[in-house]
Amino acid sequence: MTTLLQLQGIEKSFSGINVLKSVDLTIRAGRVVALAGENGAGKSTLMKIISGIYQRDAGKVVYKGKEVEFTTARQSMDAGIGIIHQELNLLPELSVAENIYLGREPTKLGKIQWDVIERESKKYLAQLKQDIDPKTPLGRLSIAQQQMVEIAKALSLNAEVIIMDEPTDALTDIETAILFEVVDELRAQGKGLVFISHRLGEIFQMCDDIAILRDGEMVHQAPLQRSPKTT
Ligand SMILES: Nc1ncnc2c1ncn2[C@@H]1O[C@H](COP(=O)(O)OP(=O)(O)OP(=O)(O)O)[C@@H](O)[C@H]1O
Ligand SMILES: [Mg+2]
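Just so we're clear, the structure is a prediction, and the values are computed from it rather than from any experiment.

1. Regarding the coordination of the magnesium ion (ligand 2)
Geometrically, a metal with four donors at the corners of a regular tetrahedron has ideal angles of 109.5 degrees, and one with six donors at the corners of a regular octahedron has ideal angles of 90 or 180 degrees. Taken together, Ser44 (OG) and Gln86 (OE1) make up the full set of protein donors to the magnesium ion (ligand 2), lying 2.0 to 2.2 Å away. Here the residue Ser44 occupies a position in helix α1 (residues 43-50), and Gln86 occupies one in the loop between β6 (81-84) and α3 (96-101), the gap between them amounting to 42 residues. Using a relative accessible area of 18% as the deciding quantity, one classes Ser44 as buried.

2. Focus on the side chain of Thr176
On the secondary structure map, Thr176 appears in helix α6 (residues 173-188). Classification of Thr176 by relative accessible area gives buried; the value is 9%. Residue contacts for Thr176: discarding those within four places in its chain leaves Thr168, Leu171 and Glu202.

3. Some words on the pattern of salt bridges
Tallied over the entire structure, the rule returns 13 salt bridges. Close ionic contact of Lys123 with Glu120 constitutes a salt bridge, the shortest N to O distance being 3.1 Å. Of the two residues, Lys123 and Glu120 are both situated in helix α4 (residues 114-127); the distance of three residues between them amounts to about one turn of the helix. Under the relative-accessibility criterion, Lys123 is labelled partly exposed at 43%. One salt bridge connects Asp208 with Arg187, and the closest N-O pair in it is separated by 2.7 Å. Taken together, the residues span a long stretch of sequence, with Asp208 in the loop between α7 (200-206) and β11 (209-214) and Arg187 in helix α6 at a distance of 21 residues. The pair formed by Asp208 and Arg187 is uniform in burial state, with each residue classed as buried. One salt-bridge network, in which partners are shared between bridges, spans Asp184, Arg187, Asp208 and Arg226.

4. Description of the packing of helix α5 (residues 143-156) against α6
Two numbers describe how α5 lies on α6: the axes approach to 11 Å, and their chain directions differ by 10 degrees. The angle between the axes of α5 and α6 places the two elements in the roughly parallel class. Two secondary-structure elements touch here, α5 through Ala144, Gln145, Met148, Ile151 and Leu155 and α6 through Glu175, Ile178, Leu179, Val182 and Leu186. Of the residues contributing to the contact of α5 with α6, the split by class is eight nonpolar, one polar and one charged.

5. Focus: α4
When the terminal C-alpha atoms of α4 are compared, their 20 Å separation across 14 residues agrees well with the 20 Å that a helix rising 1.5 Å per residue should span. Within the span of α4, buried status applies to Val116, Ile117, Glu120, Ser121, Tyr124 and Leu125. For α4, the angular spread of the buried residues around the axis is 160 degrees, confining them to a single face. Exposed and facing more than 90 degrees away from the buried side of α4 are Asp115 and Arg119. Of the surrounding secondary structure, the elements contacted by the buried residues of α4 are α3, β8 (111-112) and α5. One or two positions beyond α4, positive phi appears at Lys129, with a value near 55 degrees.

6. Looking at the nonpolar core
Most often, soluble globular proteins have nonpolar side chains that are buried together. Formed by 40 residues in total, the largest nonpolar core has its most connected members in Val96, Val149, Met164 and Cys207. The element that contributes the greatest number of residues to this core is α5, accounting for seven residues. Counting the residues that make up this core, at least three belong to each of domain 1 (1-80 + 161-175 + 188-231) and domain 2 (87-158). If sequence neighbours within four positions are ignored, Val149 has contacts with Leu90, Val96, Ile100, Leu125, Leu138 and Leu141.

Basis of the calculations
Along each chain, residue indices are assigned from 1 in the same order as the chain's sequence is written. Lettering for chains starts from A, numbering for ligands starts from 1, and both go in the order in which the items are written. Given that this is a predicted model, residues contribute local features only at a pLDDT of at least 70 and side-chain atom pairs are listed and counted only at 80 or more, while totals for whole chains, interfaces and linings are drawn from all residues. Hydrogens are left out, water is left out, and the side-chain values use all remaining heavy atoms of the structure. In this listing, donors mean N, O and S atoms no farther than 2.8 Å from the metal, or 3.2 Å for Na, K and Ca; water is missing from the atoms, so a site can look incomplete. Segments assigned H or I by DSSP are reported as helices when at least four residues long, segments assigned E as strands when at least two residues long, and all are numbered from the N terminus. Working definition: with a 1.4 Å probe on protein chains only, accessible area under 20% of the residue-type maximum means buried, over 50% means exposed, and in between means partly exposed. The contact criterion used is simple: two residues touch if any of their non-hydrogen atoms lie within 4.5 Å. Basic side-chain nitrogens of Lys or Arg form a salt bridge, by our definition, when they fall within 4 Å of a carboxyl oxygen of Asp or Glu. Angles here are taken between N-to-C directions and fall from 0 to 180 degrees, while the axes themselves are lines fitted to C-alpha atoms, restricted in helices to the stretch in contact. Should an angle fall under 35 degrees it is called roughly parallel, over 145 degrees roughly antiparallel, and 65 to 115 degrees roughly perpendicular, with every other angle called oblique. Side-chain classes follow a simple rule in which Ala, Val, Leu, Ile, Met, Phe, Trp, Tyr, Cys and Pro form the nonpolar group, Asp, Glu, Lys and Arg form the charged group, and the remainder, Gly included, forms the polar group. Residue count minus one, scaled by 1.5 Å, sets the expected span of a helix. Read the arc as the range of directions from the helix axis to the C-beta atoms. By nonpolar core is meant a set of buried Ala, Val, Leu, Ile, Met, Phe, Trp, Tyr and Cys residues that side-chain atoms within 4.5 Å join together. For every domain, the bounds stem from an assignment made automatically or drawn from a database.

Quick look at the structure:
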């Protein structure tokens with residue numbers, strides 16, 4: 001099994017409160033690891049450390065065999081790490097396509113290639129079975145649709161590691177089923193995925209491994225016997 005990303009001895013405190021205590025985690029190619037634990041256990045903080053949004057106080061992040069030190073989200077994105085945030089991270093007044101390509105708009109001779117942005121956005125939305133006009137202002141969409149846009153954005157990065165922080169919370173059953181099909185495709189392509197959820201049924205359906213955080217400590221890590229839905 002190929003290891004894509006490894007966290008070793010990660011420590012993080014906020015205002016003197018230690019919220020991550022020597023945490024280890026391995027993300028492997030072609031596998032989905034569930035990150036579970038109660039509210040406030042430190043799941044999102046750990047993922048934000050991987051993606052360069054927060055800086056760790058101690059420990060190592062080894063990505064594709066090299067120790068990395070991402071200081072911005074942009075750096076982790078460029079390196080091939082995509083994160084779907086728990087809280088929606090989009091701008092409602094911009095269009096769907098603008099949101100998907102924000103800050104990394106393709107240009108030609110100094111001009112933004114809107115036709116490319118719209119075409120590519122449509123392609124990723126179609127992969128998620130979303131018939132949404134990329135020109136629509138994001139704020140006009142339902143929360144579930146906005147979450148699908150966030151997922152489309154992660155797909156558009158063509159990332160090797162994809163972190164999904166409670167992606168199903170805002171989704172209906174139909175969209176959740178679509179997301180799970182896409183997760184299966186990404187797994188088959190050899191991507192390494194982290195799936196955070198409070199729903200055990202989803203974890204047993206989707207995940208190959210489980211890691212459980214309790215009060216900032218990794219208390220359990222083991223392979224899972226997946227029980228994919230047969231219907
Ligand atoms: N920016 C911050 N400043 C101060 N404290 C923070 C910050 N971010 C997180 N925390 C604290 O760190 C701890 C872990 O929070 P985190 O959001 O990582 O938990 P979580 O496991 O993702 O919880 P949930 O399941 O509710 O999403 C909590 O006590 C939280 O209050
Ligand atoms: Mg969280």
